[in-house]
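# What the coordinates show
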Amino acid sequence: MIPLIFACKGGKQESTDSEAAKAGYSAKPNIVETIVLKKENFDLQVISNGKLRATRKSELSFRADGVIDRVLVKNGQTVSKGDAIAFLDKQQAMYLLDAAKQKMEKSKLDFADAIIGYGYGKDTSKVPKDLLEITKIRTGYSNAVSDLSNAENTLKNTALQAPFDGKIANLTKKAFESSSGIICTLIDDSRFETDFNLLESEISFVKIGSSVLIVPFSNPEKQYR
């Protein structure tokens, strides 16, 4: 029988080296950042290209035909409501007004003579209404009243006035030109509407009272809410 001999070597040394390595290792802390959650509104932005449109804008023209006598404004000028913008030559309008006044005076005399012929005096309150109306028509009094009113309006319409406060734009007419067509455009630049498109999926995000932030392409630093 041959005897077997077993030998163990270095076990204690390996254990010592492992413990030394563990002692030399220092674990780095895992830093976790935290925030406190609180309930707030979430602002959803819808970005779109669009245009600003004045709430009041009017293309002005004379109500009477004629030749322009004077133009008192220029493009970009600010005017107030009632300010004169241009005038027509009044000569023809004055002639029509004078003729209408003469016709009115003659019809008054004819009307008074007719009423007296029916046995009434200057006081027409006692004249029957039907007779009064027929007499006005027969004597030309009703036509004279209408012609006088038209002549006065024609003279009044020789002046083109601003219907509201605003700025003059697209002024193309000058003195001695025909009054036909548009004289200029008046724009109220004190208040605008925003006009922009939305996708069908974005319509539900827009409500009455929503805020609109306007950033002009020409000057992105300026913003209007």
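Before reading on, note that the structure itself is shown above.
Residues numbered from 1 in each chain as written. Predicted model: local features only at pLDDT ≥ 70, side-chain atom pairs only at ≥ 80, totals over all residues. Heavy atoms only, no water.

### Description of the overall build of the protein
- Along the protein, the regular secondary structure elements total four helices and nine strands.
- Helices and strands in the protein line up, N terminus first, as α-β-β-β-β-β-α-α-α-β-β-β-β.
- Here the protein holds 225 residues, and 19% of them are scored as buried.
- Counted over contacts in the protein with a minimum sequence separation of 6, partners at least 24 positions apart contribute 68%.
- Carbon together with sulfur atoms contributes 52% to the accessible area of the protein, which is approximately 18600 Å² in total. (Helix = DSSP H or I, 4+ residues; strand = E, 2+ residues; numbered from the N terminus. Buried < 20%, exposed > 50% of the residue type's maximum accessible area, 1.4 Å probe, protein only. Contact = heavy atoms within 4.5 Å. Areas by Shrake-Rupley, 256 points an atom, 1.4 Å probe, with all protein chains shown as cover.)

### Quick notes on the side chain of Ser 179
- Residue placement: Ser 179 occurs in the loop between β7 (166–169) and β8 (184–187).
- Taking relative accessible area as the criterion, Ser 179 reaches 3% and is therefore assigned buried.
- A distance of 3.3 Å separates a polar atom in the side chain of Ser 179 from the backbone oxygen of Ala 64. (Polar contact = N/O pair within 3.5 Å; in protein donor to acceptor, adjacent residues only side chain to side chain.)

### Notes on the environment of Leu 132
- Structurally, the position occupied by Leu 132 is in helix α3 (residues 129–138).
- Along the backbone, Leu 132 and Ile 115 are 17 residues apart, and their C-alpha atoms lie at a distance of 8.1 Å.

### Some remarks on helix α2 (residues 91–117)
- When the terminal C-alpha atoms of α2 are compared, their 40 Å separation across 27 residues agrees well with the 39 Å that a helix rising 1.5 Å per residue should span.
- Residues of α2 that are buried sit in contact with α3 and α4 (141–156).
- Backbone geometry just after α2 places Gly 119 at a positive phi near 95°. (Expected span 1.5 Å × (residues − 1).)

### What about the sheet that holds strand β3 (residues 68–71)?
- Here three strands make up an open sheet; going across it, the order is β3-β5-β6 and the pairing antiparallel. Two strands in the sheet have a free side with no partner beyond their single neighbour: β3 and β6 (159–161). With strand direction ignored, the average angle separating the axes of adjacent strands in the sheet is 20°.
- Here three bridges tie β3 to strand β5 (residues 84–88), and the two strands are oriented antiparallel to one another. Of the residues in β5, the one forming a bridge with Arg 70 is Phe 87. (Pairing = 2+ DSSP bridges. Axes fitted to C-alpha atoms, helices over the stretch in contact; angles between N-to-C directions.)

### Side note on the pairing of β7
- Direction of pairing for strand β4 (residues 78–79) relative to β7: antiparallel, over a ladder of two bridges. Note on β7: the bridge partner recorded for Val 79 is Gly 166.
- Sheet topology places β7 next to β8; three bridges connect them, and they run antiparallel. The residue bridging Lys 167 from the neighbouring strand is Ile 187, located in β8.

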